[in-house]
Structure formats: structure tokens, C-alpha cells
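Residue strings, one per chain:
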Amino acid sequence: QVQLVESGGGLVQPGGSLRLSCVASGIIFRLYGMGWYRQAPGAQRELVAEIASGGTTNYADSVKGRFTISRDNAKNTVYLQMNSLIPEDTAVYYCNAKFLRSMNWGQGTQVSVSS
């Protein structure tokens, strides 16, 4: 059974930082492309950042230069370092694991950016 467990969300002031973590189980982690998506109230879920099994990364234009995705295959964990946070980053952030036609989601973690 695939399980993705996110952590690290919370309330932060504009300009602050957070690091999200997602621990995966039930998969051969090193084979999976991993990603972070987010969904703000009333909006569609959107890709934030993704990292392929080989380490290639891709970012949404809105977070380039501020967010960094990384993975630790030994720990079955993907991270999202978020710096220079702005109110528009407020959303529920979801971890995603993809391999061939298999796609799995975590339960989400809330990130709120407000003064």
C-alpha cells in the first residue's frame, strides 16, 4: 500500500521560510518521479515543483528562484525548501509520486503566509 505523508506546513510571515517533507512508503522510491502540488481555496491544483528519478528538476514560474525541491533516496523522502514566501503561496501543499501510469497523492499540508 502506497503512503505519502507530508509534514512541515504552518503559518509564516511574508518573507519567511518553511521546509516541507514527504516520506514515502510502499514504493520503490528511487524509481518514482516526485512532485509538490498546491491548491488554494477556489483554485485548481497546480504543479509547484517536481524532481525526476534521475534528479532533473522543474519549477512553476511563480516559485523559480524561491523554492528548491530535493530528494533523499536513502530516506524515501522528498523535500520542498520554500524561501521568500509571499501571501500568494498560501495553499494546501500535496506530495505526488509518479511511475509509469501510477500516480499517488499525500493528504496535504497547509501553508499559510500572513502577517
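Only a predicted model underlies this, so the values are computations on that prediction, with no experimental measurement involved. Residue numbering note: each chain is counted from 1, following its sequence as written. The model is predicted, so local features are restricted to residues of pLDDT at least 70 and side-chain atom pairs to those at 80 or more, both for listing and for counting; the totals for chains, interfaces and linings are taken over all residues. The basis for every side-chain value is the complete set of heavy atoms in the structure, and neither hydrogens nor water enter the calculation.

A. A look at the side chain of Asp-89. Labels follow the DSSP assignment, with helices taken as runs of H or I lasting at least four residues and strands as runs of E lasting at least two, numbered in each case from the N terminus. Tracing the sequence through the fold places Asp-89 in the loop between β8 (77-82) and β9 (91-99). A polar side-chain atom of Asp-89 sits 2.9 Å from a polar atom in the side chain of Arg-38. The definition of a polar contact used here is a pair of N or O atoms within 3.5 Å, where within protein one atom must be able to donate a hydrogen and the other to accept one, and adjacent residues in sequence count solely through side-chain atom pairs. Separated by 2.7 Å, the side chains of Asp-89 and Arg-66 make a polar contact. We call two residues in contact when some of their heavy atoms are within 4.5 Å. The contacts of Asp-89, once residues within four sequence positions are left out, are Arg-38, Arg-66, Phe-67, Ser-84, Val-111 and Val-113.

B. Up close: the packing of aromatic side chains. Any Phe, Tyr or Trp ring, taking Trp's six-membered ring, that has another such ring centre within 6.5 Å forms a pair; planes under 30 degrees apart are called stacked, those over 60 apart edge-to-face, and the others tilted. For the structure on display, the rule yields two aromatic pairs. Seen from their ring centres, Tyr-32 and Phe-99 are 5.3 Å apart, and the 35° between their planes marks the pair as tilted. With Tyr-32 in the loop between β3 (18-25) and β4 (33-39) and Phe-99 in strand β9, this pair connects stretches of sequence that are 67 residues apart. A 1.4 Å probe rolled over the protein chains alone gives each residue an accessible area, and that area as a share of the maximum for its type sets the label: buried under 20%, exposed over 50%, partly exposed in between. With a relative accessible area of 10%, Tyr-32 lands in the buried category. On the basis of relative accessible area, Phe-99 is assigned to the partly exposed category, the value being 31%. Judged by centre distance (4.9 Å) and plane angle (70°), the rings of Tyr-37 and Trp-105 are edge-to-face. Within this pair, whereas Tyr-37 is found in strand β4, its partner Trp-105 is found in strand β10 (residues 102-105), the two being separated by 68 residues in sequence. Owing to a relative accessible area of 15%, Tyr-37 belongs among the buried residues under this scheme. It is Arg-45 that lies over the ring of Tyr-94; its NZ or CZ is 3.7 Å from the centre. Stacked on the ring of Trp-105, the Lys or Arg Arg-45 has its end atom at 4.6 Å from the ring centre. Two conditions define a charge sitting above a ring: the NZ of Lys or the CZ of Arg must be within 6 Å of the ring centre, and it must be within 35 degrees of the ring normal.

C. A look at the nonpolar core. To form a nonpolar core, buried Ala, Val, Leu, Ile, Met, Phe, Trp, Tyr and Cys residues must be joined to one another through side-chain atoms within 4.5 Å. In terms of nonpolar packing, the biggest core is built from 29 residues, with Met-34, Trp-36, Val-78, Leu-80, Met-82 and Tyr-93 touching the most fellow members. For this core, the secondary structure elements donating two or more residues are β3, β4, β5 (46-51), β7 (67-72), β8, β9 and β11 (109-113). Those residues in contact with Val-78, other than ones at most four positions away along the chain, are Leu-20, Ser-21, Cys-22, Phe-29, Met-34, Trp-36, Ile-51, Ile-69, Ser-70, Arg-71 and Cys-95.

D. Summary view of the pattern of salt bridges. Here, a salt bridge means any side-chain nitrogen of Lys or Arg that lies within 4 Å of a carboxyl oxygen of Asp or Glu. One pass over the structure, following the stated rule, counts five salt bridges. The shortest N-O distance in the salt bridge between Glu-50 and Lys-98 comes to 3.6 Å. One end of the pair, Glu-50, is in strand β5; the other, Lys-98, is in strand β9, with 48 residues separating them in the sequence. Taking the relative accessible area as the measure of exposure, Glu-50 reaches 23% and is therefore partly exposed. Put simply, Asp-61 and Lys-64 hold a salt bridge, and the shortest N to O gap is 3.1 Å. Under the relative-accessibility criterion, Lys-64 is labelled partly exposed at 49%.

E. Inspection of the sheet that holds strand β1 (residues 3-7) at higher detail. Ordered in space as β1-β3-β8-β7, the four strands form an open sheet in which the pairing is antiparallel. The sheet is open, and its two edges are formed by β1 and β7, each paired on a single side. Between one strand axis and the next, the sheet turns through 15° on average, direction left out of account. Note on pairing: two strands pair once DSSP finds at least 2 bridges between them. Direction of pairing for β1 relative to β3: antiparallel, over a ladder of five bridges. Each bridged residue has a counterpart across the sheet, and for Val-5 the counterpart in β3 is Val-23. Between N-to-C directions, angles cover 0 to 180 degrees, with each direction set by a line fitted to C-alpha atoms, over the stretch in contact for helices.

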